[in-house]
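Reading the structure
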Amino acid sequence: MAATTPPKVLFEHEGVFVHSSTDDVDDQDLLISGFLRVLDKDGESVVEYKPLEESVDPSNMLCACKDSSSVVEWTQFPTDRSHDHTVDQQQSCETEWDMVNTVSFKRKPHANGEGTSHHTHEKNRWAFAFTTADLRTVTLKTEGWTHLVFCLKDDTTLPAIHFHQGGSQEFMDCLRRCVHLTESPRDKTTYLVSCHNKALSQSFENLLDDTNYGLVQKLKKDPYTTTLGGFSKVTNYIFDAFRAPELEQRERPEEEVAEILGEIIPGLEISQLEEPGFEVITRVDLGSRPEVQRGDPLTLEEWLKYQDQEGRVRKVSQLKERIFKGGLCHVVRREAWKFLLGYYPWNSTLEERKSLQRRKTDEYFRMKLQWKSVSEEQERRNSRLRDYKSLIEKDVNRTDRTNKFYEGLENPGLILLHDILMTYCMYDFDLGYVQGMSDLLSPILYVMENEVDAFWCFVNFMDELHENFEEKMQGMRTQLVQLSTLLRLLDLAFWNYLEAQDSGYLYFCFRWLLIRFKRELHFQDVLRLWEVMWTGLPCQNFHLLVCCAILDSEKQKIMDRHYGFNEILKHINELSMKLDIEEILHKSEAICLQIKNCKDLPSSVSETLGLKVDCIKPTLELSDYGILTPPLHTSGELVVSSGPGRLSETSSNGYKVAFIS
């Protein structure tokens, strides 16, 4: 018989408790202390819980209260409710971080030595073990501390395990490496469990033995980091890895591409149910593209005219239109960006804004103190904080270092960049720091020149882009589908050409969408583009039309030169720092007006851009710019899959548009 490989410990944490319940009044509220482990046994992940030798009496358990540095005793009184205040005080602890690691163990006395075997039996019956393949759901709740409940596929619900001494986050991180966890749509505290496709993953790694494909391995582990370093190159490797030399000129099966990309980039589920080669049955006549005129940047003198004596901004819609048409002079940006990003309310007075700034300053420095006061010993036990800090330090040292605001060693700008990103981890610890955030913060800090103002403006910007950086990447998936749909509407011939070159997924636009063209434009052009987009004009998701405008400028070159998959990726990559921002804004606005002038738009396009299907006018004046609430479906049906623009649509509103194979 072949020797079995000893199990590998992936996670181990002692001081995990089960709250037992027995008929013996003396044993009420007894805590069973044990250790939780995740093991790798011959390729299978196993979760096991085993009680320790001693039980814990909660009367000796201490915890730190949220609003006090003192330690209070937690005592249970089953029949006396006069001590509810103490219990409520204990349950006010906001997270397991507040629990002090001061749990003392008290052996239960037994007369004449009796009862030992009884408690050993009681202890052993709380032990359990299961493979992650048998796990259906995990429920995670925080009520003073965190506790987990496992439900298996055979409907067995295991005893709740309580993390009085922390460690729940590390356990969940380990579990995520073993299985895929998806938040339940019915209960945000419950996660649905699905196993990774190990067979496909293994075959993928075997095919990429060459060291040239190391970038792809990084993509599987951290798609964001690798994306920002060169997503197009990665995509190139992916497709080349699955293209046999003798079949290089043949089209790859759609389902193969979908499976590969869906496995490598979690969350981007590519439709495998439809064949490629869609066409429009009833073509939408967009008409000619109108000419547009843009203006000069808004000056400080003009900006002041929009404020009343108390500092309230008047004629906000008109002001936004003015900013959209010309942008802002740099001297105005520091104040105007606070309004555009939602840090300052438009109708606030000068005094109200000063008061708001004082409150936000206090709130910011309280959050900053949280990570500043973490000792080396604490940091050693907090792997997530260490990881965030390490990644921030690496990224800060390579963010916009050619800009005078950040160049040189010991630059104050770099210190502020680092401190704001670390404080954001305290503000949103679940998301923490993901590579690319430093790119989004850098222009804001450059304009604000103030740590607190930059932080809160960044927070509001991240609220808009939060889904871009989440593990499920739902925001990126949605935007790529919307972009593909828009491009197909605007130029079906070009879209079909890209599709024929395996580029219909438009993944070469990934970086554009992720960090809003930050690495495609010169720094000053980024400032202009962002402030224009922050007005919310002339439609929702204007950044998607910016993508369309760039592609529209490059389509002739791509098609005339018969660029294939590799050449398209190379060409798009080389556009960085070569784009003309004013030309792009002209064309993007013209495309928007062209779409608005169309009477028979697919409802998917109308919803993406925030247009009313039944109220589209033949022409729009400047005063008509604004976001309209997307209509509810009343007489049409829309089906959008997550493939590259897999859209089918029917309607009874007097028109019919459909894309079919």
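Our subject in this report is the structure included herewith. (Residues numbered from 1 in each chain as written. Predicted model: local features only at pLDDT ≥ 70, side-chain atom pairs only at ≥ 80, totals over all residues. Heavy atoms only, no water.)

Considerations on the layout of surface pockets
Here the second largest pocket is characterised by a volume of approximately 460 Å³. In terms of lining, the second largest pocket is formed by 25 residues, of which the most central are E464, L465, R516, N541 and H543. Contributions of two or more residues to the lining of the second largest pocket are made by α16 (451-469), α17 (474-490), α20 (523-534) and α21 (542-560). Among the elements that take part in the lining of the second largest pocket, α16 stands out by supplying seven residues, more than any other. Counted by class, the lining of the second largest pocket contains eleven nonpolar, eleven polar and three charged residues. (1 Å grid on protein atoms, 1.4 Å probe; cavity = no way out; pocket = protein on both sides within 12 Å on 5 of 7 lines; lining within 4 Å. Points joined across faces, edges and corners; volume = space filled by probe spheres on them. Helix = DSSP H or I, 4+ residues; strand = E, 2+ residues; numbered from the N terminus. Nonpolar A, V, L, I, M, F, W, Y, C, P; charged D, E, K, R; others polar.)

Some thoughts on the packing of α20 against helix α23 (residues 581-596)
Orientation of α20 relative to α23, taken along the N-to-C sense of each, is 20°, at an axis distance of 10 Å. It follows that α20 is roughly parallel to α23 by the angle criterion. Seen from above, α20 lies across α23 with right-handed handedness. For the pair α20 and α23, contact is made by D525, R528, L529 and V532 and by I581, E582 and L585, respectively. Looking at the contact of α20 with α23 residue by residue, the classes come out as four nonpolar, no polar and three charged. (Axes fitted to C-alpha atoms, helices over the stretch in contact; angles between N-to-C directions. Parallel < 35°, antiparallel > 145°, perpendicular 65-115°, else oblique. Left-handed = near helix turned anticlockwise from the far one by under 90°. Contact = heavy atoms within 4.5 Å.)

Things to note about a nonpolar patch on the surface
On the surface, L300, L304 and V331 cluster together into a nonpolar patch covering about 280 Å² of accessible area. In this structure, V331 sits in helix α10 (residues 330-340). (Patch = residues over 30% accessible without salt bridge, like charges linked within 9 Å, V, L, I, M, F, W, Y side chains within 5 Å. Areas by Shrake-Rupley, 256 points an atom, 1.4 Å probe, with all protein chains shown as cover. Salt bridge = Lys/Arg side-chain N within 4 Å of Asp/Glu carboxyl O.)

Observations regarding the pattern of salt bridges
Going through the model one piece at a time under the given rule, you end up with 34 salt bridges. Of the charged contacts in the structure, one is a salt bridge between E464 and R516, with a shortest N-O distance of 4.0 Å. In this pair, E464 sits in helix α16 while R516 sits in the loop between α19 (510-514) and α20, placing the two residues 52 residues apart along the sequence. Given the relative accessible area of 51%, E464 is considered exposed. You can call R516 buried: its relative accessible area is 5%. Each member of the salt-bridge network shares a partner with another, and the members are R294, K325, R333, R528, E531, E582 and E589. (Buried < 20%, exposed > 50% of the residue type's maximum accessible area, 1.4 Å probe, protein only.)

Read these as layout, nothing more, since geometry by itself doesn't imply function.
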